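Below, each chain spelled out in residue letters.
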Amino acid sequence: FRCMCDSGFTGDGVSCQDGGVSVDVINADGQVLVSPSLSVVLLCDVISTVVPIRDTTFRWLSPDSSVIPVGRTERFLVTQSFQSATLAFHDLRIFFVLEDVVGNYTCEAFNTAGSARETIFVGLFGNNTTTGTQTPTVTTTPTPTPTTPAPVDCPPGFFDNGGVCAPCDCDSVGAVSNTCNSTTGECECLNLVTGRECNVCVDNHFPAGGSLTQCSLCPCNLDGTLTCTLQGTCICRPNVNGSRCDRCAPGFFGEVDDCRPCGCDVNATVGASISCNSTGQCNCIPDATGRTCGECGPGTHPLLPLAERNAVCVIRGCRVDLTQTCQDCACHPLGSLSLSCDLNGVCMCRPGVIGPKCDQCEVGEIFLPDGTCATPEFYLPFGSNVSNVSGSDNGTSGELPRAGEINEQTIRFETPLPFGFGSFSPATLSSVTISSRGYIYQNNMLPNFPSLAALNGQMMNVIFAPLWSSSDGRLSRVFYRYLTVESDADEIESIMTRDATTFNVTNALVVTWTGMQASPAGQPGVDQGRQSLGFNSVQLVIAWDDCEAFATVVYGALPWTAGHLGDSIVTVLTDNAVNMVIDRTPGVLNRIALTFGCIAPLLNRRNCRLGVQRLQPQITLRPDASNSCPSRPIIFFFVSGIYRIRTVYVPSVTPFHICYVLEGNAGFHGAICCYTRVRFRRFILQPLNLANGPADSFISNAVASRAEARAESDVRRECCLAGQCQRFFDVRPAPVQAQFPGLVRLILAFLRGDPHFVTLDGLNYTFNGRGEYRFLRAERATVVVEGQVRTQPLSTTNATVNTAFAVGMVSGGDTLLRVQVTAQQTSLSILLNGVTDISVDVMNLPLGGEDIFQPNDNVIFSRDEDGGVIVSIVGSMSFTVALNNVTSIPSLTISATISADFTQSGGVTSGLLGVMNGDPSDDLQFRNGTVLLQPATEREIFPVMQTWQITTAESFFTYSGGGNARDFAFPSHVPVFSDELSVDPAIEAQCGGNAECIFDATATGNINVGMETMAITNELEIQRTQTANQDPTITPGTPITIVLGQTVQYVFSVREVDAGDTVTVALEPIENTVVPSNTDIVVDGSIVDNVQVFVLTWTAAAIDVNVSLQIVARDSNGGVARLTVPVTFCPCNNSQPCDPVEPGNDGGESRFVRQTCNCGEAYTGEVCGDDRDECVAGTGCFMGVECTDVPAPDTGIICRACPEGTTGDGVTCEDILECSDMPGPCDAQATCAEEFGSFQCTCNVGFTGSGMSCTDLDECSLETDNCGTNAVCTNTQGGFTCECADGFEGDPMVSCSDIDECTDGGHGCDTVLATCVNTIGGNTCECIAGYTGVGTVGNCVDVDECTLGT
C-alpha cells in the first residue's frame, strides 16, 4: 500500500504535517472605492500552518504586476504590523489615490510548503474606472497529495491515519487521557484546553505560567482582539491598537469591533495627520472643512475636479492645480445649509430656497430674516402674481436682468411725474431709472453708495432710495410695473393719502425689490460683516395724475442693522437733499407726498384731462356751415332763416375775446366762434378778428344751455393753458374759417349830435327835427324790423338831441318784439315789449361785450365799453345806442348795421337812413318816395325828412299816462339852420373847421357838445370804413421744427380782396410772450390773384423767456388777420438731441413747444451747455483713485494708478491675490487670507508666530492640549495626540478610567497560587498563604514551614 497526506498537509504519508499557506486581504468585497486624493490601507492576513511564518515570504504586486518594495516610497508604504508563529499582517498604504494608482493589487505569500495569493481592486468614487473591474480571485497551490487509502480499525490509543493505525498524541498535561478519537485522532481536553492534541488553550486564553492546566483569559478587549500569545500578549484585530486592543489604531475611528478608516486628507489636516477623533472628524487646517478635511473651506470650491490634476497644493483649504486658484462659492449665508459647494459651484439650499447660490425664492416670495422663503406682506402683486402684465400696464413690466453687480431699467412715462418738495419749484420727470441696488433715480448713474454730502451740488435727481445702502445687485430680484390707465386705480388709490374725488391715478410705477443683500465682504468701503446680514425686501408705489404725486413704501423684510442702512428714505433734487424718516417695520405702510398743492401749469393739465373726459364722446361733424366760423362776428346777426344765433361769454386764454354760438335750427351742435376785439373808445360792433386762426373756437355740443357752452370752453381754456389744446380739439374739433359768401360786407349808418346823419349809402346831412321818427325800416318777405328815434330840444336852445330809441319786429302782421331805450342822466332805461324793465339785466352786463343778455331768440343785448347798449335783432340788423351826457339833457348816439346783401335778397329800406342801394343821391326822399335832388340845403332837407315822423299806430314806443306819439309831435317846430348862426372864431378854431362840431357847439352854446359830435363822427367813420372792409386772410405754411443755431424759413401767403387796400405783415407777440430775435419777413415775388407770398426767416438763438411767432397782417382800412405759427424748438447746445414731444403737447396759445434736452455722456445742464464731469456724475474711477474728466465733446475719464495692493485700469481695481502665488508670501505652516489691497498671514493651528514665520507649538509642554484625565499627551508637528496611560482605558480626549485587571483577566497573577489586587493604573499579585514569591504565574513557591520552623 501507499500512504498519502490529506489536503492541507505535507509529508510522505507515513508522517504528515499541517503546512499549507493561506492569504486573505480583509478589505470588503474584493474592492475598495476611495474619494480622490485620499489614502487607503490594504490589510493582508498571511497564515502558515506548517512552515514557521518567519520562513514565509510575502509581497505586494501593483496593478502593473511590479513588486512594491517594503518601506516608504512616494506613493506607497508597505509594513508588517504583526507577526506570530503562524500569523502575520502585511499592510499596504496607498497615498493620494488618483487615476494613476487605480487597479488590481495582489498580496502573495509562499514557502516550502506552498503558496497563496489574493487580489483586490482599488478605484475612485464616481469614476468610470470602476466599470469592468476584475473579480478578485484567491489562488492556493499546496503540495500535491496522494489519494486517500481505505480506512482501518485501530485499537484504543490509536487512530486511523490514512489507512495506518497511528498512536494518539494527546498532550500529557492538556488531555484527560491518552485516548483519542479512532477516526480523527482528536483527544479529550481539560477545561479551557483545545486543539486536536489538547495542546493549546481555547480562544482568548493563554497558558499562564506556561502550563495548560492554567489557561487564563487573555488580558485584552475581546471585541478588538484576534487572540493573544502564549505569554498573554494581545494580538489585535486589524486597525485596532493598544496593549489590550482596546482602541482603534491611528487613522481609524469607531468601536474596536468596527474600526473604520478616518480617511483624513493629509493635504488639509494639521501636521498632515491621518488621525481623527472618536466621531471620525479629522483635525482640519483653516479654510478646509468636512469630516475628512477633504472639502474646500466655507465659500470656496475647486475650479476643476481633483481627478483632472497632477500636482496638487493647498490654498485656503482647497486643493487646486498649481496653475489654478480657488473660486468663491458665494453661497448665501442664510439661504444655504453650508457655505461650501460642489465642484460645479452649486450650493446646498435650505428647504424652499432655490438657485445655484441658494439666493432665490420662487417668484412672488422673499427671504425672511431666518433665510427661508415666504410671500411678503405687500399691498400690490408683483412678478408672476400679476395676471395680465400686457393689458393694464401697457406691457411695461417685468424683472430686471441679473447680469452684473448693478442692473438697471429706464422707464419713460406717458404722463410726466410731478415732483416738488418744500421750496422746490414743481418739476416733472419724463423718465426714471430703476436700480437693482435699491433706489430710483433720474439722469446719470450714481456712484456706489454715495453719502448725501457727496450728492450735494450734483445733478443726480435721486427720487427714492428706500434701501439707501451699498447693496449687491447680483443677488436681488427686482420686479416693476408701469401702469398707464385707470383699471388698477382702485387698488392703488386705496393706499394713497388723497380722496379719489380729487386725486385720480392716471399713472403708477410699482417696484418690488426682493433678495436685497449688502455688498460682499472685502469690497472697499463696505463693512466686513455685511455678507451675513441677510436679505431685505421692499415695495415702492408711486402714483400720480397730471398735477399731484404720492408714494407708498412698505418693507417685507429688513434684517439689516443700523450702520448698514440709513434711517430715512432719501429724496434729492438738484443741489438739495430731503430726508424723510419712515417706519421700516415689515408690513407698515408709509405714505409720502411728492407734491404740495396743485398749481399751474400742472393744475391746468389736470383740469384739461378731467374736462375732456366729461366731454366724451367726440362730436361727429356735419357737412354744413354750422361747422364754420365767419371771418367777422357781426355776420352772425344776418344769417337769416338758417341758424339760431346767440352770443355767449366764453372764458378765453387771453382777454378781449367775445364768442358767438351758431346753432342749427334742429338743435344740433354748432360752432362756438371766438374773436379778438379791436378796441374803440365807444362802440363794440367793430370788425373782430377770428382768434388764433380758430384756436379759441370749437364745435359745441351744448346747444341747450349757455352754461354748458361755457363749461366746454372752460375745458378748452385749461387745455390750452396746459399746452395741450389739441387734447381738447380731439373731442371738440376746431371749426373752419369761412367768409360766408354774400355776407362779406356790412353797412353802417348812424345818427349823432344835434342830429347829424350818415345814411346806409354814406350820405351826410343834418336834420334838426323834433318828435318821433322812423330811423330805419328794413323789410324782407313778411318780416319787418324798424328802428325809431325820439328827438327833443335842449332846454336853452332850439337845437334838438336824441333822447330815446325804439325798435320793433313784425312778422306776418304780428309784433314779435318791442324794445325801448331811453336816455337818463347817468344811465339808460330799457323796456322789453313795453312792460318789462330790463335795465338792470342789461346795464349790469360787464363792459366790453364779454357777456350778453338774451331774453328770447329775437334779440341780444350787450354793452360797449362806455356803457352803451347794443340791441341785436337776430337775422336782420343791429343797433348801438350810446349815452351822451355832455348836453344839458341826456342824449343818445345811435348806429345801425345791416348786411350788404340785404337788398340783393329782396329787402328794402326806408326812413331817415335812406334807401340802401349804393346810390346816396336818392337817400333824401319824402315818405311818398319823391326824391329831393342834391345838393340840398338844410332848409330844403328839413321838410322832406319831417315826413318820416311816425303816427301813434306806427309807434313802438311805450308811453306813460295814456300818452301817444302825438304828444311828441310839434309841426310848428322850426330848427336853427347853420346859415343863421353867428360862428365864434374861437369855436371854429377849436373844431378845426369841422362843420358838425361848429354847428353843434354854436347851436347849443356848448363847445363840449361840438367836440363830442366830432369825436363820435370820427369813430363812426372809421367803423363804417372797417365794417365795409374785408379782412385779409393768411394761408399757413408747414409747422416749424428747429434746433438751436439753425436757420429756418417759413413760407406763407396773404390774400387781400378789397381793391386798393395795402397790406403790411409783421410779427407781434401773443400776450405774455415775446417775439424771438433774429427774425425777418420779406416779400417773395409779386401779387397774383390778390395773393402775396411772404417768407419768414428765423435763426434760433438761446431762449430763456416765453416766445411766440404770431404773424399779423393788417390792411390799410383796419382789416386784421392773425396766424400763430406752430413751432417745435430743440434748445440744446452742442448738437445734443431732444426727447420726443410729450403726447398732446402743442404749446397752447403760443403754439411754441420747447423740447427737453437729452444730453449725452459728454454734456449736462438744462440745455446741454455744461461739460458733464464724469468723475462726479458718472461711475468715476475706483474709490481712492484720482480722476480727471475728459473735456467735451469727447467722453470718458482718465484714472491714475490703482491703490497699492490692487491692479487694474483705475476704473476697476481688483485685489492682487498674493495668497495664490506659489510659493505664497506666508510660512508653509500658515494660512494666507486675502484682504483688499493686502493679505493676512495666520499661523495654522498648532503653530505660533507672525504668520510669515511659524514654529511648532508644543501643546503638551504648554498644557494647552485638550487630552482627557489619565491620558498621555504626545506632541506632533503642528498638533498632538492623546492616548490613555497604561492601565487606563476610555476616550483619551475626554477621560480615561482605571482598568480592573483582576476582573478582566489581564492581571498576570497565578490563578491558583496567587491573589490579584487591583491598583490605580495596574495591579499586584500576592501569593496565597503557604506560598511566597511575586505572585505571577510560576512565581509562587511553597513555603517549607517545617524547615523554617513556622
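None of these values were measured; they are calculated from a predicted model. (Residues numbered from 1 in each chain as written. Predicted model: local features only at pLDDT ≥ 70, side-chain atom pairs only at ≥ 80, totals over all residues. Heavy atoms only, no water.)

Draft legend 1. Geometry of the overall build of the chain. Looking only at helices and strands, the chain has 14 helices and 100 strands in total. For the chain, the proportion of its 1350 residues judged to be buried stands at 51%. Taking the contacts inside the chain whose residues are at least 6 apart along the sequence as the reference set, 54% of them involve residues at least 24 apart. Accessible area for the chain stands at about 57,400 Å²; split by element, carbon and sulfur atoms hold 51% of it. (Helix = DSSP H or I, 4+ residues; strand = E, 2+ residues; numbered from the N terminus. Buried < 20%, exposed > 50% of the residue type's maximum accessible area, 1.4 Å probe, protein only. Contact = heavy atoms within 4.5 Å. Areas by Shrake-Rupley, 256 points an atom, 1.4 Å probe, with all protein chains shown as cover.)

Draft legend 2. The side chain of Q214, seen in detail. Relative to the assigned elements, Q214 resides in the loop between β20 (205–207) and β21 (215–217). Exposure remark for Q214: the relative accessible area of 16% places this residue in the buried category. Discounting residues that sit within four places of it in the chain, Q214 has contacts with F206, P207, A208, D1310, T1311, V1312 and V1337.

Draft legend 3. Geometry of the sheet that holds strand β80 (residues 1120–1124). Pairing is antiparallel across the open sheet formed by three strands, whose spatial order is β76-β79-β80. A single partner strand is all that each edge strand has here, and the edge strands are β76 (1063–1067) and β80. Direction aside, neighbouring strands of the sheet carry axes that sit 15 degrees apart on average. Strand direction decides the pairing type here: β76 and strand β79 (residues 1110–1115), joined by five bridges, are antiparallel. Directly across from A1066, in β79, lies its bridge partner V1112. (Pairing = 2+ DSSP bridges. Axes fitted to C-alpha atoms, helices over the stretch in contact; angles between N-to-C directions.)

Draft legend 4. Expanded view of the environment of T506. Relative to the elements of secondary structure, T506 occurs in the loop between α2 (489–493) and β45 (507–518). Take T506: its relative accessible area is 8%, and that puts it in the buried class. Distance from T506 to R609, taken between C-alpha atoms, is 9.9 Å for residues 103 residues apart in sequence. Polar contacts involving the side chain of T506 include one to the side chain of N507, which spans 3.1 Å. (Polar contact = N/O pair within 3.5 Å; in protein donor to acceptor, adjacent residues only side chain to side chain.)

Draft legend 5. Broad picture of the state of the cysteines. Per the counting criterion, the structure on display carries 28 disulfides. The disulfide bridge from C201 ends at C215, spanning 2.0 Å between sulfur atoms. Taking the sign of the S-S torsion, -85 degrees for the link of C201 and C215, the bridge is left-handed. Of this pair, C201 sits in strand β19 (residues 200–201) while C215 sits in strand β21, placing them 14 residues apart in sequence. Classification of C215 as buried rests on a relative accessible area of 9%. Paired by a disulfide, C1226 and C1241 hold their sulfur atoms 1.8 Å apart. On the sign convention where negative means left-handed, the S-S torsion of about -80 degrees between C1226 and C1241 marks this disulfide as left-handed. Of the two residues, C1226 is situated in the loop between β88 (1213–1215) and β89 (1230–1235) and C1241 in strand β90 (residues 1238–1243); the sequence distance between them amounts to 15 residues. In terms of burial, C1226 and C1241 fall into one category: buried. (Disulfide = S-S within 2.5 Å.)

Draft legend 6. Broad picture of the packing of aromatic side chains. Applying the stated criterion to the full structure yields 17 aromatic pairs. Ring centres of F1052 and F1094 lie 5.6 Å apart, and the angle between their planes is 15 degrees; on these two criteria the pair is classed as stacked. Taken together, the residues F1052 in strand β75 (residues 1047–1055) and F1094 in strand β78 (residues 1091–1099) connect sequence positions 42 residues apart. Owing to a relative accessible area of 2%, F1052 belongs among the buried residues under this scheme. Judged by its relative accessible area of 7%, F1094 is buried. Clustering of aromatic rings is evident, with ring pairs tying together F767, Y773, F942 and F977. R790 extends its terminal NZ or CZ atom over the ring of F968, reaching a point 3.9 Å from the ring centre. (Phe/Tyr/Trp six-rings, centres within 6.5 Å; stacked < 30°, edge-to-face > 60°. Lys NZ or Arg CZ within 6 Å of the ring centre and 35° of its normal.)

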